[in-house]
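Survey of secondary and tertiary structure
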Amino acid sequence: MNKLSVVIPVYYNEKNLPVTYAQLKEAVFDKVSDYELILVDDGSEDNSWLEMQKIRSLDDKVKLIRLSRNFGSITAQLAGLSYVTGDCATVIAADLQDPPEIILQLMDKWKAGAKVCLAVRADREEGFIQKTISNTFYKIMRKIALKNMPLGGFDCFLIDRQVVEVLKSIEEKNSSIVGQIL
């Protein structure tokens, strides 16, 4: 079985959602055997919920979750992951900070047996100061807490169903999902 679950936390993304869905459909959903898309509204007060409902009306593989208020991205990600039914799952940003095509590359690694697949940054498209701060943060994280943190960090990942179940069982809900995965 190769059902893919994609979770997208949504916070003030009404303008991004139609574009994000169209790109995901073309680059990923049309190329996999089965999928589900879980959109999690994290307390948006714009028209994000309406846009989510429009997408749901186009595709019966779309599930919607609406949180009662803004709880933050980590909570929205965990809420989405708690409802996935796929054999593997990924979380991506509603504004497509990472190209959707990366999901298929991660799925290939997963199909080859990897339980955790990371898209490690080769470089950052940020200014010098932001890049320096980010790189320093990841170096400190490697030294103090997470010895296996990739040097450039990562935001995009794909995890096996077993890893999803472990994440759901962890009682600490306010830490980094990235840290929990590592």
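Residues numbered from 1 in each chain as written. Predicted model: local features only at pLDDT ≥ 70, side-chain atom pairs only at ≥ 80, totals over all residues. Heavy atoms only, no water.

Some words on the pattern of salt bridges
Side-chain pairs of opposite charge can arise whenever the charged atoms involved come near each other. For the structure shown, the criterion picks out 9 salt bridges. In this structure, D30 and K25 form a salt bridge, with 2.8 Å as the shortest nitrogen-oxygen distance. In this structure K25 comes out as partly exposed when scored by relative accessible area, which is 31%. Between D41 and R66 there is a salt bridge whose closest N-O contact spans 3.8 Å. Here the residue D41 occupies a position in strand 2 (residues 34-41), and R66 occupies one in strand 3 (residues 62-66), the gap between them amounting to 25 residues. Here the salt bridges share partners, and the residues they tie into one network are K3, E36 and K63. (Salt bridge = Lys/Arg side-chain N within 4 Å of Asp/Glu carboxyl O. Buried < 20%, exposed > 50% of the residue type's maximum accessible area, 1.4 Å probe, protein only. Helix = DSSP H or I, 4+ residues; strand = E, 2+ residues; numbered from the N terminus.)

Here we look at the nonpolar core
Residues L4, I8, L37, L39 and L158 are the most contacted members of the largest nonpolar core, which totals 31 residues. Secondary structure elements with two or more residues in this core: strand 1 (3-10), helix 1 (16-27), strand 2, helix 2 (48-58), helix 4 (101-111), strand 5 (116-120) and strand 6 (154-160). The element that contributes the greatest number of residues to this core is helix 4, accounting for 5 residues. Not counting residues up to four positions away in its chain, the partners in contact with L4 are V28, D34, Y35, E36, C88, T90, I103, M107 and L158. Listed in part, the 16 residues of the second largest apolar core include V40, A79, V84 and I159. (Core = buried A, V, L, I, M, F, W, Y, C linked by side-chain atoms within 4.5 Å. Contact = heavy atoms within 4.5 Å.)

Observations regarding the side chain of S48
Along the chain, S48 turns up in helix 2. At 3.2 Å, the side chain of S48 and the backbone nitrogen of E14 are in polar contact. When residues no more than four places from it in sequence are discounted, the contact partners of S48 are V10, Y12, N13, E14 and L17. (Polar contact = N/O pair within 3.5 Å; in protein donor to acceptor, adjacent residues only side chain to side chain.)

So, the packing of aromatic side chains
Tallied over the entire structure, the rule returns 2 aromatic pairs. Here the aromatic rings of Y11 and Y12 are separated by 4.7 Å at their centres, their planes lie at 90 degrees, and the arrangement is edge-to-face. The ring centre of Y35 lies 5.1 Å from the NZ or CZ of K61, which sits over that ring. Looking at R69, its charged tip hangs above the ring of F71, at a distance of 3.9 Å from the centre. (Phe/Tyr/Trp six-rings, centres within 6.5 Å; stacked < 30°, edge-to-face > 60°. Lys NZ or Arg CZ within 6 Å of the ring centre and 35° of its normal.)

Digging into the environment of I55
In this structure, I55 sits in helix 2. For I55, a relative accessible area of 5% translates into the label buried. In this structure, I55 is in contact with L17, P18, Y21, L39 and V62, ignoring residues within four places of it in sequence.

Concerning unusual backbone geometry
Despite not being glycine, Y12 shows a phi value in the positive range, around 55 degrees. Tracing the backbone shows Y12 in the loop between strand 1 and helix 1. Unlike most non-glycine residues, L96 shows phi in positive territory, near 50 degrees. Along the polypeptide, L96 turns up in the loop between strand 4 (88-91) and helix 4.

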